[in-house]
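The lines below spell out each chain.
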Amino acid sequence: MSVEATTTPSIVQAEEKMDTAETEPSFSLNNLEDPSPSKDEEDNIQLAKNYYCRQSTGIYHIVEVIQQRTNPRFNAIEYYVHYKGLNRRLDEWVDASRIDCNRKVPDGGNPLTNPDDPDNRMTRKQKRMHDEINHVEPTFADMDPATAAMEKEHEQLTKVKYIVKVLVGEYLIDTWYFSPYPDQYGKQSQLYICEYCFNYMKLAGTYLKHLDECHLRQPPGNEIYRNANISVFEVDGKKQKIYCQNLCLFAKLFLDHKTLYYETEGFHFYVMTEVDRNGAHVVGYFSKEKVSAYGNNLACILVPPPFQRKGYGNFLISFSYELSKIEGTVGSPEKPLSDLGKLSYRSYWTYVILDILGNVSSAFTIEDLSRMTSIDSHDIISSLQLLNMIKYWKGMHVICVTQKNLDEAIHSKHFKHPRLPVDSRCIKWHPHPK
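Here we summarise the structure given alongside this text. (Residues numbered from 1 in each chain as written. Predicted model: local features only at pLDDT ≥ 70, side-chain atom pairs only at ≥ 80, totals over all residues. Heavy atoms only, no water.)

Another aspect to go through is the sheet that holds strand β9 (residues 190–193). Judged by pairing direction, the sheet is mixed, and its four strands sit side by side in the order β8-β7-β9-β10 without closing on themselves. Where the open sheet ends on each side, the last strands, each with one partner, are β8 (171–174) and β10 (200–201). (Pairing = 2+ DSSP bridges. Helix = DSSP H or I, 4+ residues; strand = E, 2+ residues; numbered from the N terminus.)

Pasting the structure below:
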């Protein structure tokens, strides 16, 4: 692939400013106008305190101020804020003009408030819609003590997200979470990442030079699936350690609870790509332990934001179960799942189960379903409970399906035909010896 085919205007502009870029840190702001907050506003804002902050939607929300830094472009202080009660992917750097220091934050008050609503209230429907849109997470009080302790420790270690954007191929992507890139890279506001080897760079000039020198055009592993322009490669985390480490660091920018960064030897990575004349472009992947003590058939899954809502997540989940079928085993994803992971798995399990229930007339058990699909029985039970198709009778779970509730389920939002089904005939793979 030529450098010209990959170069974007932002890279060219950065290349022209190489003399200053070598010494100045890079900051990327959505608002290019000088925010010009007053000195009094900056002096009044304190770390670890709660304030009302204006979101990009114009809605005010209670935030905790976690960190501050100086933006050299405007010589102004920016504050890293966490929107209370919302997923941490919404955390961001804001200037002082978006923080209201004069409004008192009530103890235990509703974190969401519209500036035009003096009563600061939401109806049940509004709150339900708000929670769904913003992926509101349970509080520590909702968790058991052990889980709450682990969550608090994790939050402290990954509290501040310095890398705000990454340029990968032709996509400039807003990041969601902290990722433990080495210090000289981890404190940059933007990184340049090669879409083929996932090597990461601080400067546009270095990135352009790398594009000219990198000869990798597909994941460094065995192609085990090809159907039209979709390919899947199996990459050994031990044989291709640097590639897998780079892939994991990139994935952590979009996954909150990912803990695998550098110890990749015990995993295989199944990398999904779109193939064109320039090469195989990564659109998602999942990792899998070579030997799982808990029978997990998937450890981590990622579809980067530019490739979401195309059916790739469902494809990767389905592919993991196709491998389990070839192995003759029953599998389940490693827990906990992210909020998006839960939605994806629930959609896959529901479709597979309802498809069987709608086409098989004979009676069968949960264990039969598990053997037919390679889905763990606990996941089948939880899916059937959501569909109201299971009852607990005389100490055991019994599938209870009528034509009426089957028809209702098939026409409900839970039943979605896969946009990109896996063709098992195209899989060229054999189980690895344990």
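Here the focus is helix α9 (residues 241–252). Compared with the 16 Å implied by 1.5 Å per residue over twelve residues, the 16 Å span of α9 between its first and last C-alpha is a close match. Taken across its twelve residues, α9 has ten buried, putting it largely inside the fold. Looking at α9, one finds that the buried residues are Y243, C244, Q245, N246, L247, C248, L249, F250, A251 and K252. (Expected span 1.5 Å × (residues − 1). Buried < 20%, exposed > 50% of the residue type's maximum accessible area, 1.4 Å probe, protein only.)

At a minimum axis distance of 10 Å, the contact between helix α10 (residues 312–327) and helix α11 (residues 339–357) shows a crossing angle of 60°. Considered as vectors, α10 and α11 are oriented oblique to each other. For α10 against α11, the interelement crossing comes out right-handed. Across the interface between the two elements, N314, I317, S318, S320 and Y321 from α10 touch S344, Y345, S347, Y348 and W349 from α11. Across the contact of α10 with α11, the residue classes break down as five nonpolar, five polar and no charged. (Axes fitted to C-alpha atoms, helices over the stretch in contact; angles between N-to-C directions. Parallel < 35°, antiparallel > 145°, perpendicular 65-115°, else oblique. Left-handed = near helix turned anticlockwise from the far one by under 90°. Contact = heavy atoms within 4.5 Å. Nonpolar A, V, L, I, M, F, W, Y, C, P; charged D, E, K, R; others polar.)

Turning our eyes to something else, we now look at helix α14 (residues 403–410). Every buried residue of α14 is accounted for by N405, L406 and A409. For α14, the angular spread of buried residues about the axis comes to 105°, placing them on one side. Across from the buried face of α14, at angles greater than 90 degrees, the exposed residues are Q403 and K404. (Arc of directions from axis to C-beta.)

Y225, F286, F315, F319, L354, L357 and M389 are the most contacted members of the largest nonpolar core, which totals 46 residues. If one sorts the elements of this core by residue count, α11 sits on top with nine residues. Beyond its immediate sequence surroundings of up to four residues, F319 is in contact with I224, Y225, V232, F286, V422 and I427. (Core = buried A, V, L, I, M, F, W, Y, C linked by side-chain atoms within 4.5 Å.)

Take the pattern of salt bridges next. Counted by the stated rule, this structure contains 13 salt bridges. With its nearest N and O atoms 2.4 Å apart, the salt bridge here joins D174 to K165. For R226, the salt bridge goes to E223, with nearest N and O atoms at 2.8 Å. Classification of R226 as partly exposed rests on a relative accessible area of 41%. Of the residues examined, E223 reaches a relative accessible area of 35% and is grouped as partly exposed. (Salt bridge = Lys/Arg side-chain N within 4 Å of Asp/Glu carboxyl O.)

Pairing is antiparallel across the open sheet formed by five strands, whose spatial order is β11-β12-β13-β14-β16. Every interior strand has two partners, whereas the edge strands, β11 (222–227) and β16 (300–302), have only one. Strand-to-strand twist in this sheet, taken as the mean axis angle between neighbours without regard to direction, amounts to 20°. Both strand β14 (residues 279–289) and β16 contribute to a ladder of three bridges, which runs antiparallel. Within the sheet, the bridge partner assigned to S287 lies in β16 and is C300. Strands β12 (230–236), β13 (267–276), β14 and β16 of the sheet are contacted by α9, whose axis makes an angle of about 80° with β13.

Any pair of aromatic rings gets described here by the distance separating the centres and the angle formed by the planes. Across all of its chains, the model carries 17 aromatic pairs by this definition. Note on F198 and F250: the rings are 5.3 Å apart at their centroids and 50° apart in plane angle, and the pair reads as tilted. In this pair, F198 is assigned in the loop between β9 and β10 and F250 in helix α9, connecting sequence segments 52 residues apart. One aromatic cluster in this structure is built from W176, F198, Y243, F250 and F254. (Phe/Tyr/Trp six-rings, centres within 6.5 Å; stacked < 30°, edge-to-face > 60°.)

Two faces, one strand: in a regular strand the side chains alternate between the faces of the sheet. Of all ten residues in β13, seven are buried, a share of seventy percent or more. Bridge count between β12 and β13: seven bridges; the pairing is antiparallel. Among the inter-strand pairings, F233 is bridged to a residue of β13, identified as V271. Judged from the ten bridges that link them, β13 and β14 form a sheet pairing that is antiparallel. Its bridge partner lying in β14, F267 is registered against E289. Between the end of β13 and the start of β14, which pair antiparallel, lie two residues.

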